[in-house]
Amino acid sequence: MKIRRVVTGHDTEGKARVVDDRDIEPITSELMPGYAAYRLWGRDERPTFPDDGSPRRAEAWYPPRDGSRFMINTIPPGELVLPPDLDMAAALDELERQMPGAMAAMEPDAPGMHTTDSIDYVLVVSGEVTLELDDGEQTVLRAGDVVIQNGTRHAWHNHGTEFCTIVGVAIGADRTRLT
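Please read these numbers as outputs of a predicted model, since none were measured by experiment.

**Student:** Tell me what's going on with the sheet that holds strand β5 (residues 118-126), and back it up with residues and numbers.
**Tutor:** Read across the open sheet, the five strands follow the order β3-β4-β10-β5-β8; overall the sheet is antiparallel. For this open sheet the edge positions go to β3 (36-43) and β8 (146-150), each flanked by a neighbour on one side alone. Between one strand and the next, the sheet's axes are offset by a mean angle of 15°, whatever the strand orientation. Of the strand pairs in this sheet, β5 and β8 are connected by five bridges, and their pairing is antiparallel. By the bridge assignment for β8, I119 is matched with N150.

**Student:** Could you give an account of the environment of P108, naming the residues involved and the relevant values?
**Tutor:** Mapped onto the elements of the fold, P108 is located in the loop between α1 (88-98) and β5. By relative accessible area, which is 77% here, P108 ends up exposed.

**Student:** Lay out the sheet that holds strand β6 (residues 128-132) with the relevant residues and their values.
**Tutor:** Read across the open sheet, the three strands follow the order β7-β6-β9; overall the sheet is antiparallel. The strands lining the two open edges of the sheet, one partner per strand, are β7 (138-142) and β9 (155-157). Taking the axes of each pair of neighbouring strands and ignoring which way they run, one obtains an average angle of 30° across the sheet. Where β6 and β9 come together, three bridges link them in antiparallel fashion. Considered in β9, the bridge of E132 is made with A155.

**Student:** Run through the pattern of salt bridges, naming residues and quoting values.
**Tutor:** If you walk through the whole model with that rule in mind, you get 18 salt bridges. D20 serves as the salt-bridge partner of R22, at 2.9 Å between the closest nitrogen and oxygen. Its relative accessible area of 44% is what places R22 among the partly exposed residues. Among the salt bridges present, the one from D52 reaches R56, with a minimum N-O distance of 3.3 Å. Here D52 falls in the partly exposed class, since its relative accessible area comes to 43%. Overall, the relative accessible area of 29% leaves R56 in the partly exposed class. Here the residues in one salt-bridge network are R43, E45, D51, D52 and R56, joined through shared partners.

**Student:** Before we move on, could you go through the pairing of β5 and cite the residues and values that matter?
**Tutor:** The pairing of β5 with strand β10 (residues 164-172) spans eight bridges and is antiparallel. Across the sheet, the residue bridging to V124 is I166, located in β10.

**Student:** Quick rundown of unusual backbone geometry? Include the residues and the values.
**Tutor:** Cis geometry marks the peptide bond from F49 to P50; its omega dihedral reads 5°. Residue placement: P50 occurs in the loop between β3 and β4 (68-75). The phi torsion at D66 lies on the positive side, around 70°, for a residue other than glycine. Overall, the relative accessible area of 37% leaves D66 in the partly exposed class. The phi torsion at D135 lies on the positive side, around 60°, for a residue other than glycine. Tracing the backbone shows D135 in the loop between β6 and β7.

Criteria and thresholds
- Residues numbered from 1 in each chain as written.
- Predicted model: local features only at pLDDT ≥ 70, side-chain atom pairs only at ≥ 80, totals over all residues.
- Heavy atoms only, no water.
- Pairing = 2+ DSSP bridges.
- Helix = DSSP H or I, 4+ residues; strand = E, 2+ residues; numbered from the N terminus.
- Axes fitted to C-alpha atoms, helices over the stretch in contact; angles between N-to-C directions.
- Buried < 20%, exposed > 50% of the residue type's maximum accessible area, 1.4 Å probe, protein only.
- Salt bridge = Lys/Arg side-chain N within 4 Å of Asp/Glu carboxyl O.

Below you can see the structure in the form of C-alpha coordinates.
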(Lines give C-alpha, C1' and ligand atoms only; values in the text may rest on other atoms or scores of the structure.)
Protein backbone atom coordinates (compact mmCIF):
# COMPACT_ATOMS: atom_id res chain seq x y z
CA MET A 1 0.00 0.00 0.00
CA LYS A 2 1.23 3.49 -0.77
CA ILE A 3 0.63 6.11 1.93
CA ARG A 4 1.20 9.78 1.15
CA ARG A 5 1.44 12.14 4.12
CA VAL A 6 0.84 15.88 3.71
CA VAL A 7 1.71 18.07 6.72
CA THR A 8 0.61 21.66 7.20
CA GLY A 9 2.05 24.36 9.42
CA HIS A 10 2.31 28.11 9.74
CA ASP A 11 4.92 30.42 8.26
CA THR A 12 6.46 33.28 10.22
CA GLU A 13 3.45 35.48 9.44
CA GLY A 14 0.97 32.86 10.67
CA LYS A 15 -0.23 31.81 7.19
CA ALA A 16 -1.06 28.15 6.59
CA ARG A 17 1.41 26.29 4.40
CA VAL A 18 2.12 22.74 3.29
CA VAL A 19 5.47 22.06 4.93
CA ASP A 20 5.97 18.40 4.02
CA ASP A 21 4.59 16.09 1.34
CA ARG A 22 6.05 12.60 1.08
CA ASP A 23 5.35 8.89 0.90
CA ILE A 24 5.69 6.99 4.18
CA GLU A 25 7.45 3.64 4.11
CA PRO A 26 5.91 0.77 6.08
CA ILE A 27 7.55 -0.81 9.08
CA THR A 28 7.80 -4.55 8.56
CA SER A 29 9.41 -7.29 10.64
CA GLU A 30 10.30 -10.95 10.34
CA LEU A 31 8.51 -11.31 13.69
CA MET A 32 5.23 -10.30 12.01
CA PRO A 33 5.24 -11.73 8.47
CA GLY A 34 2.74 -9.93 6.23
CA TYR A 35 2.07 -7.12 8.72
CA ALA A 36 2.83 -3.51 7.83
CA ALA A 37 2.69 -0.53 10.17
CA TYR A 38 2.77 3.05 8.93
CA ARG A 39 3.66 5.54 11.64
CA LEU A 40 2.25 8.74 10.20
CA TRP A 41 2.65 11.25 12.99
CA GLY A 42 3.13 11.58 16.70
CA ARG A 43 4.18 13.87 19.48
CA ASP A 44 4.85 13.48 23.18
CA GLU A 45 3.15 16.69 24.34
CA ARG A 46 -0.06 18.64 23.72
CA PRO A 47 0.21 20.83 20.63
CA THR A 48 0.09 24.61 20.65
CA PHE A 49 -0.53 26.73 17.58
CA PRO A 50 0.63 28.46 15.49
CA ASP A 51 3.12 25.69 14.77
CA ASP A 52 5.65 25.42 11.96
CA GLY A 53 4.53 21.83 11.27
CA SER A 54 7.89 20.24 11.96
CA PRO A 55 7.94 16.79 13.56
CA ARG A 56 8.07 16.79 17.35
CA ARG A 57 9.55 14.32 19.77
CA ALA A 58 7.66 11.01 19.67
CA GLU A 59 10.12 8.34 20.73
CA ALA A 60 8.09 5.38 22.01
CA TRP A 61 5.63 3.52 19.80
CA TYR A 62 2.76 4.24 22.20
CA PRO A 63 2.11 7.80 23.41
CA PRO A 64 2.79 9.11 26.89
CA ARG A 65 0.24 11.18 28.80
CA ASP A 66 -0.77 14.17 26.62
CA GLY A 67 1.00 12.59 23.61
CA SER A 68 -0.59 11.18 20.48
CA ARG A 69 0.15 8.77 17.64
CA PHE A 70 -1.42 8.38 14.19
CA MET A 71 -0.90 5.12 12.33
CA ILE A 72 -2.20 2.72 9.73
CA ASN A 73 -1.74 -1.02 10.18
CA THR A 74 -2.23 -3.82 7.68
CA ILE A 75 -3.00 -7.23 9.21
CA PRO A 76 -2.65 -10.35 7.04
CA PRO A 77 -5.22 -13.15 7.18
CA GLY A 78 -4.48 -16.33 9.09
CA GLU A 79 -2.27 -17.27 11.99
CA LEU A 80 1.16 -15.78 12.53
CA VAL A 81 3.85 -18.20 11.32
CA LEU A 82 7.45 -17.26 11.97
CA PRO A 83 10.17 -18.22 9.46
CA PRO A 84 11.92 -21.40 10.64
CA ASP A 85 15.39 -19.85 10.31
CA LEU A 86 14.48 -16.65 12.21
CA ASP A 87 17.27 -15.13 14.32
CA MET A 88 14.98 -14.15 17.20
CA ALA A 89 17.49 -11.90 19.00
CA ALA A 90 18.30 -9.95 15.83
CA ALA A 91 14.61 -9.67 14.88
CA LEU A 92 13.69 -8.39 18.37
CA ASP A 93 16.51 -5.83 18.24
CA GLU A 94 15.37 -4.62 14.81
CA LEU A 95 11.74 -4.35 15.92
CA GLU A 96 12.76 -2.38 19.04
CA ARG A 97 14.68 0.02 16.80
CA GLN A 98 11.69 0.47 14.47
CA MET A 99 8.89 0.43 17.08
CA PRO A 100 10.46 1.43 20.42
CA GLY A 101 8.62 -0.05 23.40
CA ALA A 102 5.99 -1.88 21.34
CA MET A 103 7.16 -5.35 22.34
CA ALA A 104 7.31 -4.34 26.03
CA ALA A 105 3.53 -3.84 25.94
CA MET A 106 2.97 -7.34 24.52
CA GLU A 107 2.18 -10.28 26.78
CA PRO A 108 4.65 -13.10 26.10
CA ASP A 109 2.18 -15.86 27.05
CA ALA A 110 -0.75 -14.46 25.01
CA PRO A 111 0.30 -13.69 21.41
CA GLY A 112 -0.78 -10.21 20.31
CA MET A 113 -2.42 -9.37 23.64
CA HIS A 114 -1.41 -5.96 24.99
CA THR A 115 -2.57 -3.02 27.10
CA THR A 116 -1.65 0.61 26.57
CA ASP A 117 -2.29 3.72 28.61
CA SER A 118 -4.18 5.43 25.82
CA ILE A 119 -7.58 5.97 24.30
CA ASP A 120 -7.46 4.67 20.73
CA TYR A 121 -9.84 5.61 17.95
CA VAL A 122 -9.71 2.83 15.35
CA LEU A 123 -11.43 2.67 11.95
CA VAL A 124 -11.51 -0.51 9.87
CA VAL A 125 -10.91 0.63 6.29
CA SER A 126 -10.89 -2.72 4.50
CA GLY A 127 -11.22 -6.42 5.23
CA GLU A 128 -12.25 -7.68 8.62
CA VAL A 129 -10.54 -8.08 11.97
CA THR A 130 -11.51 -9.68 15.25
CA LEU A 131 -10.99 -7.69 18.43
CA GLU A 132 -10.24 -10.02 21.34
CA LEU A 133 -10.64 -8.77 24.92
CA ASP A 134 -10.16 -10.32 28.36
CA ASP A 135 -11.42 -13.86 28.86
CA GLY A 136 -11.60 -14.42 25.08
CA GLU A 137 -14.54 -12.11 24.31
CA GLN A 138 -14.39 -11.49 20.54
CA THR A 139 -16.05 -8.94 18.26
CA VAL A 140 -15.75 -9.12 14.46
CA LEU A 141 -15.28 -5.73 12.80
CA ARG A 142 -15.64 -4.95 9.11
CA ALA A 143 -14.93 -2.00 6.82
CA GLY A 144 -16.65 1.10 8.19
CA ASP A 145 -16.74 -0.15 11.79
CA VAL A 146 -15.00 1.83 14.51
CA VAL A 147 -13.65 0.92 17.93
CA ILE A 148 -13.11 3.28 20.84
CA GLN A 149 -10.43 1.42 22.78
CA ASN A 150 -10.44 2.74 26.36
CA GLY A 151 -7.10 1.43 27.62
CA THR A 152 -8.35 -2.16 27.69
CA ARG A 153 -6.35 -5.38 27.30
CA HIS A 154 -6.80 -6.55 23.71
CA ALA A 155 -5.44 -8.27 20.60
CA TRP A 156 -6.26 -8.06 16.89
CA HIS A 157 -6.73 -11.22 14.78
CA ASN A 158 -7.58 -11.53 11.10
CA HIS A 159 -9.65 -14.70 10.67
CA GLY A 160 -10.84 -13.51 7.25
CA THR A 161 -9.45 -14.32 3.82
CA GLU A 162 -8.08 -10.89 2.82
CA PHE A 163 -5.78 -8.32 4.33
CA CYS A 164 -7.34 -5.93 6.82
CA THR A 165 -6.37 -2.27 7.05
CA ILE A 166 -7.06 -0.26 10.19
CA VAL A 167 -6.42 3.43 10.88
CA GLY A 168 -5.76 4.43 14.47
CA VAL A 169 -5.22 7.53 16.57
CA ALA A 170 -3.89 6.91 20.09
CA ILE A 171 -4.00 9.65 22.72
CA GLY A 172 -2.00 9.13 25.91
CA ALA A 173 -3.94 8.79 29.14
CA ASP A 174 -3.48 8.24 32.85
CA ARG A 175 -4.18 4.84 34.36
CA THR A 176 -5.18 4.34 37.96
CA ARG A 177 -4.64 0.94 39.50
CA LEU A 178 -7.61 -0.92 40.90
CA THR A 179 -7.14 -1.91 44.53
